[in-house]
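Next come the chains, spelled out residue by residue.
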Amino acid sequence: MATLGMIMCTNGLPRMRTLHLTANGFGDSGMQAFAAALGSGALARLTNLTLNSNQVGDAGMAAFATAIGSGALPQLEWLSLNNNQIGDAGVSALAEAAAGGALTQLTNLSLSYNQIGDPGLASLADVCASGALAKLEELYLSGNQFGDSGCTALAEACGARVRANIPQREPPARGVV
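Participant: Any chance you could break down the overall build of the protein for me, citing the residues and the numbers?
Facilitator: Broken down by element type, the protein carries 6 helices and 6 strands. Seen in sequence order, the protein has helices and strands lined up from the N terminus as α-β-α-β-α-β-α-β-α-β-α-β. For the protein, the residues scored as buried account for 47% of the 177 residues in total. Here the contacts in the protein between residues at least 6 apart in sequence split such that 88% fall between residues at least 24 apart.

Participant: Explain the packing of helix H2 (residues 27–38) against helix H3 (residues 58–69) to me, and be specific about the residues and the numbers.
Facilitator: Relative to each other, H2 and H3 sit at 5°, their axes nearing to 8 Å. In this view, H2 runs roughly parallel relative to H3, as classed from their interaxial angle. Taken together, the residues of H3 that come into contact with H2 (itself represented by Asp28, Met31, Gln32, Phe34, Ala35 and Leu38) are Asp58, Ala59, Gly60, Met61, Ala63, Phe64 and Ala67. Residue classes in the contact of H2 with H3 are distributed as 9 nonpolar, 2 polar and 2 charged.

Participant: Could you give an account of the environment of Thr107, with specific residues and numbers?
Facilitator: Looking at where Thr107 falls in the secondary structure, it is placed in the loop between helix H4 (88–99) and strand E4 (108–110). For Thr107, a relative accessible area of 18% puts it in the buried group. Along the chain, Thr107 and Ala134 lie 27 residues apart, while their C-alpha atoms are 8.5 Å from each other. Discounting residues that sit within four places of it in the chain, Thr107 has contacts with Glu77, Lys135, Leu136, Glu137 and Glu138. A polar atom in the side chain of Thr107 sits 2.9 Å from the side chain of Asn108.

Participant: Lay out the environment of Gln55 in plain terms, naming residues and giving numbers.
Facilitator: Here Gln55 lies in the loop between strand E2 (48–50) and H3. On the basis of relative accessibility, which here comes to 47%, the residue Gln55 falls in the partly exposed class. Taking the C-alpha atoms as reference points, Gln55 and Phe26, separated by 29 residues in sequence, lie 6.7 Å from one another.

Participant: Explain the packing of aromatic side chains residue by residue, including any values.
Facilitator: As enumerated under the stated definition, the model contains 1 aromatic pair in all. A centroid spacing of 6.3 Å and a plane angle of 50° characterise the contact between Trp78 and Tyr140, whose relative ring orientation is tilted. One end of the pair, Trp78, is in strand E3 (residues 78–80); the other, Tyr140, is in strand E5 (residues 138–140), with 62 residues separating them in the sequence. With a relative accessible area of 28%, Trp78 lands in the partly exposed category.

Participant: Break down unusual backbone geometry for me, citing the residues and quoting the values.
Facilitator: A positive phi angle, close to 55°, is found at Asn83, a residue other than glycine. Summarising the element assignment, Asn83 is placed in the loop between E3 and H4. Among the residues examined, Asn83 registers a relative accessible area of 44% and is labelled partly exposed. Backbone geometry places Tyr113, a non-glycine residue, at a positive phi of 55°. Secondary-structure assignment places Tyr113 in the loop between E4 and helix H5 (118–130).

Participant: Explain H4 residue by residue, including any values.
Facilitator: In a regular helix each residue adds 1.5 Å, so 12 residues correspond to 16 Å; H4 covers 16 Å between its end C-alpha atoms and thus fits that length. Of the surrounding elements, those touching the buried residues of H4 are H3, E3, E4 and H5. In the stretch just after H4, Gly101 is the one whose phi turns positive, near 110°.

Quick notes on the rules
- Residues numbered from 1 in each chain as written.
- Predicted model: local features only at pLDDT ≥ 70, side-chain atom pairs only at ≥ 80, totals over all residues.
- Heavy atoms only, no water.
- Helix = DSSP H or I, 4+ residues; strand = E, 2+ residues; numbered from the N terminus.
- Buried < 20%, exposed > 50% of the residue type's maximum accessible area, 1.4 Å probe, protein only.
- Contact = heavy atoms within 4.5 Å.
- Axes fitted to C-alpha atoms, helices over the stretch in contact; angles between N-to-C directions.
- Parallel < 35°, antiparallel > 145°, perpendicular 65-115°, else oblique.
- Nonpolar A, V, L, I, M, F, W, Y, C, P; charged D, E, K, R; others polar.
- Polar contact = N/O pair within 3.5 Å; in protein donor to acceptor, adjacent residues only side chain to side chain.
- Phe/Tyr/Trp six-rings, centres within 6.5 Å; stacked < 30°, edge-to-face > 60°.
- Expected span 1.5 Å × (residues − 1).

So this is what it looks like as structure tokens:
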């Protein structure tokens, strides 16, 4: 990750539009280094970013959110952060950056198989309701830890405008017969 960060900081990738960094396991420290390099504006033309299966948690997401909140990825349309360790604090930081005007071009957001609960989903619902993610069309959330209250908040905020991929839950048992 340090080498990629160095290349990015020297503006070595000015035309890059797609970057897939899946299953590298760089964790929070790698994401923090990546976010610092993003802050230099090196990937301003990026439209597709995949950071799946990298053991990124809330600290890494906070650094990433700070970078995008400063305008580092103004053209980003697709963001995939599946199968990491992102919890409520991390997704809330991302939502706060979006609420501040980052991610205005985002059409697809994938956060499946993380550790997002109802508070994190509520922060996504709030940013959806504010109109800050006006172009968002698809939201992937399978394999997280939220319940009905988070789903309800998201459905009310996004309505039919966003297609959310949320696994169906079994209805609770009504008693023993």
